[in-house]
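# Chains, contacts and geometry: an overview
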Amino acid sequence: MRLATFNLLHGRSLTDGLVDPHRLTTAVAALDADVLALQEVDRDQSRSGNHDLTAIAAHALHAPQHRFAAALVGTPGEHFRPLRHDDDGHGEPRYGIGLITRHPVRTWQVTRLKPAPVRSPVYIPGPDGGLLLLQDEPRVILAAVLDTPHGDITVAATHLSFVPGWNAHQLRQTVRALRALPAPRILLGDLNLPATPTRLISGWTPLARRPTYPATHPRIQLDHILADRHLRHRLPPVTATATPLSTISDHRPLLVDLG
């Protein structure tokens with residue numbers, strides 16, 4: 001079983017700034033993942049051609065099961081509002097996370113996380129960037145209980161806040177939410193936390209320790225695949241890990257092979 005997590009940057013290439021669905025398809029197909037968690041995913045956004053990026057990625061992997069969970073309605077960094085309910089925002093641009101799997105899904109669960117109550121300074125690269133005070137965004141956890149050859153496994157995708165301290169608070173909330181689902185449990189996503197704090201705060205075991213950001217010369221691991229220690233022995237052992245350079249995004253995908 002190959003697990004992967006990938007912050008897509010809504011499919012944008014850093015070389016030309018374009019979002020090309022064919023390029024996205026090629027990048028995702030190269031991962032050949034059985035379970036893929038996606039972050040910074042667009043749906044019906046003009047900047048990404050009004051495509052459903054989760055569906056494109058699922059098609060690239062020939063994966064029959066996929067779901068998009070919007071964190072907000074609108075465009076991050078511009079005008080947006082939190083979702084009022086899971087079916088909110090149809091016909092409007094949405095932004096969030098995705099979870100794709102080649103295994104049958106027994107149940108899906110969505111858990112919503114509130115944004116930080118204060119703005120936070122964030123460095124934005126580029127001529128119009130610099131140190132900016134940004135409003136935090138709502139976040140979401142998308143979990144699925146999978147029917148696999150190794151038995152039922154819970155996998156979950158998320159993208160936590162960039163606000164220091166608040167992301168740690170959200171990670172604790174995530175761990176509590178996932179305890180209600182069957183073990184063994186695996187969390188995949190951009191947690192906006194380095195490796196050591198992630199391990200200490202969650203109490204879960206990292207399945208890979210590799211830098212993932214920035215994509216060109218990775219120096220820090222923001223993207224993680226963690227396993228709950230409870231019943232972890234039911235998971236196959238880690239046989240390989242990788243962070244291949246992709247043609248899209250400012251993050252590298254993180255891959256873990258089990259068994």
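The structure under discussion appears in the preceding block.
Here we summarise the structure given alongside this text.

### A short note on the pattern of salt bridges
- For the structure on display, the rule yields 12 salt bridges.
- Note that Arg2 is salt-bridged to Asp257, the shortest N-O span being 2.6 Å. Of this pair, Arg2 sits in strand β1 (residues 2-7) while Asp257 sits in strand β15 (residues 254-258); the two residues are 255 residues apart in sequence, bridging distant segments of the chain.
- Here Arg2 falls in the partly exposed class, since its relative accessible area comes to 24%.
- Residue classification places Asp257 among the buried positions, given a relative accessible area of 19%.
- Put simply, Asp228 and Arg185 hold a salt bridge, and the shortest N to O gap is 2.5 Å. Taken together, the positions of Asp228 in the loop between β13 (223-227) and β14 (238-242) and Arg185 in strand β11 (residues 185-190) put the pair 43 residues apart, joining distant regions of the chain. A single burial state applies to Asp228 and to Arg185, both of which are buried.
- Among the charged side chains, a network of salt bridges with common partners joins Asp32, Asp34 and Arg102.

### A few points about the packing of helix α1 (residues 21-29) against helix α2 (residues 53-60)
- Two elements in contact, α1 and α2, have axes separated by 8 Å at closest approach and are oriented at 50 degrees. The orientation of α1 with respect to α2, classified from their angle, is oblique. Classified by chirality, the crossing of α2 by α1 is right-handed. Touching Pro21, Leu24, Thr25, Val28 and Ala29 of α1 are Leu53, Ile56, Ala57 and Ala60, all from α2.

### Quick notes on the side chain of Asp88
- Relative to the helices and strands, Asp88 resides in the loop between β4 (80-82) and β5 (94-101).
- With residues near it in sequence (within four places) discarded, Asp88 still touches Val73, Arg81, Pro82, Leu83 and Arg94.

### Some points on the sheet that holds strand β12 (residues 205-206)
- Pairing is mixed in the open sheet, where six strands are placed in the order β6-β9-β10-β11-β13-β12. With partners counted over all chains shown, the strands left at the sheet margins are β6 (105-113) and β12, one partner each.
- Where strand β10 (residues 151-159) and β11 come together, six bridges link them in parallel fashion. From the neighbouring strand, Thr154 faces β11, where its bridge partner is Arg185.

Conventions used here
Residues numbered from 1 in each chain as written. Predicted model: local features only at pLDDT ≥ 70, side-chain atom pairs only at ≥ 80, totals over all residues. Heavy atoms only, no water. Salt bridge = Lys/Arg side-chain N within 4 Å of Asp/Glu carboxyl O. Helix = DSSP H or I, 4+ residues; strand = E, 2+ residues; numbered from the N terminus. Buried < 20%, exposed > 50% of the residue type's maximum accessible area, 1.4 Å probe, protein only. Axes fitted to C-alpha atoms, helices over the stretch in contact; angles between N-to-C directions. Parallel < 35°, antiparallel > 145°, perpendicular 65-115°, else oblique. Left-handed = near helix turned anticlockwise from the far one by under 90°. Contact = heavy atoms within 4.5 Å. Pairing = 2+ DSSP bridges.

That's the geometry; what it means functionally is another story.
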